[in-house]
Amino acid sequence: GDSVTQMEGPVTLSEEACLTINCTYTATGYPSLFWYVQYPGEGLQLLLKATKADDKGSNKGFEATYRKETTSFHLEKGSVQVSDSAVYFCALSDRNTGNQFYFGTGTSLTVIP
Amino acid sequence: KAGVTQTPRYLIKTRGQQVTLSCSPISGHRSVSWYQQTPGQGLQFLFEYFSETQRNKGNFPGRFSGRQFSNSRSEMNVSTLELGDSALYLCASSFGTGGAKTQYFGPGTRLLVL
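Residues numbered from 1 in each chain as written. Chains lettered and ligands numbered in written order. Predicted model: local features only at pLDDT ≥ 70, side-chain atom pairs only at ≥ 80, totals over all residues. Heavy atoms only, no water.

Chemist: Describe the nonpolar core, and please don't skip the residues or the numbers.
Modeler: In terms of nonpolar packing, the biggest core is built from 25 residues, with Trp35(A), Leu48(A), Phe73(A), Leu75(A) and Tyr88(A) touching the most fellow members. Elements supplying a minimum of two residues to this core: β2 (11–14), β3 (19–21), β4 (23–26), β5 (31–38), β6 (44–50), β8 (62–65), β10 (86–94) and β12 (107–112) of chain A. In this structure, Leu11(B), Leu46(B), Phe47(B) and Tyr89(B) belong to the second largest nonpolar core, which totals 21 residues. (Core = buried A, V, L, I, M, F, W, Y, C linked by side-chain atoms within 4.5 Å. Buried < 20%, exposed > 50% of the residue type's maximum accessible area, 1.4 Å probe, protein only. Helix = DSSP H or I, 4+ residues; strand = E, 2+ residues; numbered from the N terminus.)

Shown next, in the form of structure tokens:
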């Protein structure tokens, strides 16, 4: 079945450091891939998405490229800020399974000044 | 456009009771999905409704049920509550279903079962 494997945390970085959160997936069809972010006490917010191979999603300085050959969708940011501290979830939605989302376990990021 | 709203935000119940949670999707969205989030199990899919019909169901016992109304608002019900049902329950809406439609999440209802 479909699944998402996400780099375990927690991750602690200093402000302006580079961030990479690894995400790999298994899917039977042709999934769309997503990164969601969850701030304390809130629901999930869509950060970025990519719907086909080689697409790059980007938002707020974050980027992720859909790599079909390595079944990966790693999240990157060149310079993190304190306000980026949150939990990040990688997710996929497979056309073959309709609108059901499969989420990774989440990676907690703390950015210290 | 208003986002997904969920009520109540917090709830405390005792074992054996039942609870009903409500979700109002973004205007124009017809698909509503429910998820349970716990520290141990992460985000788990409960079910999805589209046009008042359940389209997908996750691997949860029959104590968990839901429904959707003609205005796309949805409710989920948990009967005979157990301690393990303590969780954050998230609702997500999307414009359609099938394919890969982006889901937009509400703030969640935090349920504590004592």
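Chemist: If you had to explain the pattern of salt bridges to someone new, which residues and values would you point to?
Modeler: Going through the model one piece at a time under the given rule, you end up with 7 salt bridges over all chains. Between Asp55(A) and Lys52(A) there is a salt bridge whose closest N-O contact spans 3.4 Å. Taking the relative accessible area as the measure of exposure, Asp55(A) reaches 22% and is therefore partly exposed. Taken together, the shared-partner salt bridges connect Arg63(B), Glu82(B) and Asp85(B) into one network. (Salt bridge = Lys/Arg side-chain N within 4 Å of Asp/Glu carboxyl O.)

Chemist: I'd like to hear about the environment of Leu21(B), residue by residue, with values.
Modeler: Residues and elements named next belong to chain B. Summarising the element assignment, Leu-21 is placed in strand β3 (residues 19–24). For the pair Leu-21 and Leu-90, spaced 69 residues apart in sequence, the C-alpha to C-alpha distance is 9.9 Å. Once residues within four sequence positions are removed from consideration, Leu-21 is found in contact with Thr-7, Pro-8, Leu-11, Trp-34, Ser-74, Glu-75, Met-76, Tyr-89 and Thr-109. (Contact = heavy atoms within 4.5 Å.)

Chemist: Summarise the side chain of Glu75(B); cite the residues concerned and give the values.
Modeler: Among the secondary structure elements, Glu75(B) is positioned in strand β8 (residues 74–78). Here Arg73(B) takes part through its side chain, which lies 3.3 Å from a polar atom of the side chain of Glu75(B). (Polar contact = N/O pair within 3.5 Å; in protein donor to acceptor, adjacent residues only side chain to side chain.)

Chemist: Mind laying out the sheet that holds β3(B), listing which residues take part and the relevant values?
Modeler: For sheets, the rule is that strands pair by backbone hydrogen bonds, running either parallel or antiparallel. Residues and elements named next belong to chain B. Pairing in this open sheet of 4 strands is antiparallel, and the strands run β1-β3-β8-β7 from one edge to the other. Looking at strand neighbours, the two that pair on one side only are β1 (5–7) and β7 (64–68), the edges of this open sheet. Going across the sheet, the axis of each strand differs from the next one's by a mean of 20 degrees, ignoring polarity. Summarising the sheet, β3 and β8 pair through 5 bridges and their orientation is antiparallel. (Pairing = 2+ DSSP bridges. Axes fitted to C-alpha atoms, helices over the stretch in contact; angles between N-to-C directions.)

Chemist: Provide a residue-level description of a nonpolar patch on the surface, including the pertinent values.
Modeler: Residue and element names in this part refer to chain B. Residues Ile-12, Leu-112 and Leu-114 make up a contiguous nonpolar surface patch of about 300 Å² in total accessible area. Within the element layout of this structure, Ile-12 appears in strand β2 (residues 10–13). Given a relative accessible area of 59%, Ile-12 falls into the exposed group. (Patch = residues over 30% accessible without salt bridge, like charges linked within 9 Å, V, L, I, M, F, W, Y side chains within 5 Å. Areas by Shrake-Rupley, 256 points an atom, 1.4 Å probe, with all protein chains shown as cover.)

Chemist: Please give an account of the interface of chain A and chain B that cites residues and values.
Modeler: With 20 residues of chain A at the contact, the number on the chain B side is 22 residues. Summed over both sides, the interface between chain A and chain B buries roughly 1,600 Å², with carbon and sulfur atoms accounting for 52% of that surface. Summed over the shared surface of chain A and chain B, the result is 0 salt bridges. Inspection of the chain A/chain B interface yields 4 residue pairs in polar contact (both at pLDDT 80 or more). For the side of chain A that touches chain B, the elements supplying multiple residues, two or more each, are β5, β6, β10 and β11 (101–103) of chain A. The dominant element in the side of chain A that touches chain B, judged by the number of residues it contributes, is β5(A), at 4 residues. Of the residues in the side of chain A that touches chain B, the class split is 7 nonpolar, 9 polar and 4 charged. (Buried area = accessible area lost by both parts, 1.4 Å probe. Nonpolar A, V, L, I, M, F, W, Y, C, P; charged D, E, K, R; others polar.)

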